[in-house]
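Chain residues, written in single-letter form:
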Amino acid sequence: MNILILGRGKTGLLVAEVARQRGHHVSVLGAGDNPKASALTAEKLAPVDMIIDFTSPAAVLPNIEACLGAGKSIVVGTTGWYGELPRIREIVESSGSSSGFLYAANFSVGVNLFFEVARSAAAALQHQYFGQIFERHHTQKKDAPSGTAVALQSIVRDASGTELEITSFREGDVVGLHELVLDSAGDTIYVCHDAKSRRGFAEGAVRAAEWLAGKKGFFDFKDVWRQL
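Since we're looking at a predicted model, the values are computed, not measured. (Residues numbered from 1 in each chain as written. Predicted model: local features only at pLDDT ≥ 70, side-chain atom pairs only at ≥ 80, totals over all residues. Heavy atoms only, no water.)

Caption draft 1: How the structure looks around the sheet that holds strand β9 (residues 188–194). An order of β7-β6-β8-β9 is seen for the 4 strands of this open sheet, with the pairing classed as mixed. Edge strands, defined here as strands with exactly one partner in the open sheet, are β7 (166–170) and β9. Taken pair by pair, the neighbouring strands of this sheet meet at an average axis angle of 15°, ignoring direction. Pairing between strand β6 (residues 130–137) and β7: 5 bridges, direction parallel. (Pairing = 2+ DSSP bridges. Helix = DSSP H or I, 4+ residues; strand = E, 2+ residues; numbered from the N terminus. Axes fitted to C-alpha atoms, helices over the stretch in contact; angles between N-to-C directions.)

Caption draft 2: Here's a closer look at the sheet that holds strand β10 (residues 217–220). One open sheet accounts for 6 strands, arranged β2-β1-β3-β4-β5-β10; its pairing is parallel. Unpaired on one side and paired on the other, β2 (25–29) and β10 mark the two borders of the sheet. Adjacent strand axes in the sheet meet at a mean angle of 15°, parallel and antiparallel pairs treated alike. Pairing analysis gives 3 bridges linking strand β4 (residues 74–76) to strand β5 (residues 100–103), with the strands arranged parallel. Across the sheet, the residue bridging to Ile74 is Phe101, located in β5. Contacts from helix α4 (residues 85–93) reach β5 and β10, with the element oriented near 140° to β10. (Contact = heavy atoms within 4.5 Å.)

Caption draft 3: Local environment of α4. Among the residues making up α4, those that are buried are Leu85, Ile88 and Val92. End-on, the buried residues of α4 take up no more than an arc of 65°, which puts them together on one face. Looking at α4, the residues exposed on the side facing more than 90 degrees away from the buried face are Pro86 and Glu90. Residues of α4 that are buried sit in contact with α3 (57–69), β5 and β10. (Buried < 20%, exposed > 50% of the residue type's maximum accessible area, 1.4 Å probe, protein only. Arc of directions from axis to C-beta.)

Caption draft 4: Structural context of helix α7 (residues 199–212). Its 14 residues place the ends of α7 20 Å apart at the C-alpha level, agreeing with the 20 Å of an ideal helix rising 1.5 Å per residue. Within the sequence span of α7, burial applies to Phe201, Ala202, Gly204, Ala205, Val206, Ala208, Ala209, Trp211 and Leu212. Packing partners of the buried residues in α7 comprise α1 (10–21), β3 (50–53), β4, β5, β10 and α8 (221–224). Just beyond α7, the residue with positive phi is Gly214, at close to 85°. (Expected span 1.5 Å × (residues − 1).)

Caption draft 5: Highlighting the side chain of Asp53. Among the secondary structure elements, Asp53 is positioned in strand β3. Apart from residues lying up to four places away in sequence, Asp53 is in contact with Leu6, Val60, Asn63, Ile74, Val75, Val76, Gly77 and Thr78.

Caption draft 6: Main features of the environment of Val60. Considering the arrangement of structural elements, one finds Val60 in helix α3. Take Val60: its relative accessible area is 0%, and that puts it in the buried class. Taking C-alpha positions, Val60 is 35 Å from Leu125, a pair spaced 65 residues apart along the chain. Those residues in contact with Val60 that sit more than four places away from it in its chain are Asp53, Thr55, Val76, Thr78 and Trp81.

Caption draft 7: Just the layout of surface pockets, in detail. Of the voids in this model, the largest pocket is the one considered here, and its volume is about 910 Å³. In terms of lining residues, the largest pocket is bounded by 45 residues, among which Thr11, Phe54, Thr55, Lys141 and Lys142 are the most central. At the level of elements, α1, α3 and α6 (147–160) are the ones that each hand at least two residues to the lining of the largest pocket. At 5 residues, the largest contribution of residues to the lining of the largest pocket is made by α3. (1 Å grid on protein atoms, 1.4 Å probe; cavity = no way out; pocket = protein on both sides within 12 Å on 5 of 7 lines; lining within 4 Å. Points joined across faces, edges and corners; volume = space filled by probe spheres on them.)

Caption draft 8: Quick look at the environment of Gly80. Note on placement: Gly80 falls in the loop between β4 and α4. A C-alpha to C-alpha distance of 16 Å links Gly80 and Phe169, two positions 89 residues apart in sequence. Beyond its immediate sequence surroundings of up to four residues, Gly80 is in contact with Pro57 and Asp143.

Geometry only, nothing functional implied.
Take a look at the structure:
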């Protein structure tokens, strides 16, 4: 495919590298190249088959709207904007839409397995356990808590009816560590995912883009990752 990557951050550039390794033609736009989605016109997007966004909470919504408006499919790895999900879903699912849209708080297969373990572990909260969520990321991360931590919080809430507090740390060059701690008088349960590199995120995003090719509609990576 002809893939356009939005974002020149560490993850965006790694996504570009992985996509090239998988045989795709790749171009990259950074924030300076695309202020307020100004570079995402229908004319400029005409040769593009797929867009992958790893930008910022401030940039991502104009990018999404421009790409969908041009009839282009987009994979979104940027977090911190999920209050707008219902509106974006409506745009994607509107009559005549020719676009596919796929988003994720985290494109790592390991993280999605971690979510499933956490969903099962959340049953402890109905048996006199007290829970907390901790997340650590590098100091350059733009949102806190992380989208992955918010997704974990939602999973635990849906599974147990309990909303846990999230504690965020920003330090050094930590790729991403998420931990669900369930504590009782008798024992403590730790459910943890510690990313060694960003490559798992990048590979998942590219594979998601390959899966989305030719599809229309609104998709969440957590519902499709087993199909990749």
